[in-house]
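An overview of the molecular structure
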Amino acid sequence: AQDARDRLVESLKEEAKTAATPKKKTQVVVVDGQNVRFRRTPSTKGEIVLNEEGQTLYPRKGQELTYLGTSGNFYKIDWYGEEYYISRDYTHLKTK
């Protein structure tokens, strides 16, 4: 019986530690405009990202993209494992 009580006490201590640990806040880039282009470099002169058919790749308005950093007037984002840039003029950062 003492063993079971000891295990229960240890289990409760672990739960308390986990509950007390604050969750890490993450930031995402939210697309505000339509037809906002991904770029390969942080510049309006940077190469526009195209899909396999050679068409411009656009995120959807309201879509949340993984934020990786800021470079000038561009956010660096992750798009399905690829790193691109998107203008800050048509997006905003949101903390989750």
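Residues numbered from 1 in each chain as written. Predicted model: local features only at pLDDT ≥ 70, side-chain atom pairs only at ≥ 80, totals over all residues. Heavy atoms only, no water.

1. Some remarks on the pairing of strand β1 (residues 27-31)
Buried residues dominate β1, accounting for four of its five residues. Judged from the five bridges that link them, β1 and strand β6 (residues 91-95) form a sheet pairing that is antiparallel. In the sheet register, Val 28 faces β6, and the bridge partner there is Lys 94. With three bridges connecting them, β1 and strand β3 (residues 64-71) associate as antiparallel partners. Its bridge partner being in β3, Val 29 is matched across the sheet by Leu 65. (Buried < 20%, exposed > 50% of the residue type's maximum accessible area, 1.4 Å probe, protein only. Helix = DSSP H or I, 4+ residues; strand = E, 2+ residues; numbered from the N terminus. Pairing = 2+ DSSP bridges.)

2. Quick notes on the side chain of Arg 39
Its location among the elements puts Arg 39 in strand β2 (residues 38-39). Although Arg 39 lies buried, it forms no salt bridge, and the closest oppositely charged side chain, Glu 47, sits 9.5 Å away as judged by the N-O distance. At a separation of 2.9 Å, a polar atom in the side chain of Arg 39 contacts the main-chain carbonyl oxygen of Thr 44. Looking at Arg 39, its side chain comes within polar contact range of the main-chain oxygen of Gly 46, at 2.8 Å. Not counting residues up to four positions away in its chain, the partners in contact with Arg 39 are Thr 44, Lys 45, Gly 46, Glu 47, Ile 48, Val 49, Phe 74, Tyr 84 and Tyr 85. (Lys, Arg positive; Asp, Glu negative; His and termini not counted. Salt bridge = Lys/Arg side-chain N within 4 Å of Asp/Glu carboxyl O. Polar contact = N/O pair within 3.5 Å; in protein donor to acceptor, adjacent residues only side chain to side chain. Contact = heavy atoms within 4.5 Å.)

3. Overview of the side chain of Gln 63
Assignment of secondary structure puts Gln 63 in the loop between β2 and β3. Within the structure, the side chain of Gln 63 is placed 2.8 Å from the backbone nitrogen of Arg 60, a separation counted as a polar contact. With residues up to four places along the chain from it excluded, the contact list for Gln 63 reads Val 29, Val 30, Val 31 and Trp 79.

4. Here's the deal with the pattern of salt bridges
Tallied over the full model, the rule gives four salt bridges. Note that Glu 83 is salt-bridged to Lys 76, the shortest N-O span being 3.2 Å. The partly exposed category is assigned to Glu 83, whose relative accessible area is 48%. A relative accessible area of 25% means that Lys 76 is categorised as partly exposed. Residues participating in the shared-partner salt-bridge network are Glu 64, Lys 94 and Lys 96.

5. What to know about unusual backbone geometry
Here the phi dihedral of Asn 35 falls at roughly 60°; this positive angle occurs in a residue that is not glycine. Tracing the sequence through the fold places Asn 35 in the loop between β1 and β2. What makes Asn 35 exposed here is its relative accessible area of 52%. In this structure, Tyr 80 is a non-glycine residue whose phi angle is positive, near 50°. Counting through the fold element by element, Tyr 80 comes out in the loop between β4 (74-79) and β5 (82-87).

6. A short note on the pairing of β3
Across five bridges, the pairing between β3 and β4 is antiparallel. Each bridged residue has a counterpart across the sheet, and for Gly 69 the counterpart in β4 is Lys 76. The turn joining β3 and β4, which pair antiparallel and follow one another in sequence, is formed by two residues; a positive phi near 60° is taken by Gly 72.

These figures come from the coordinates and say nothing about function on their own.
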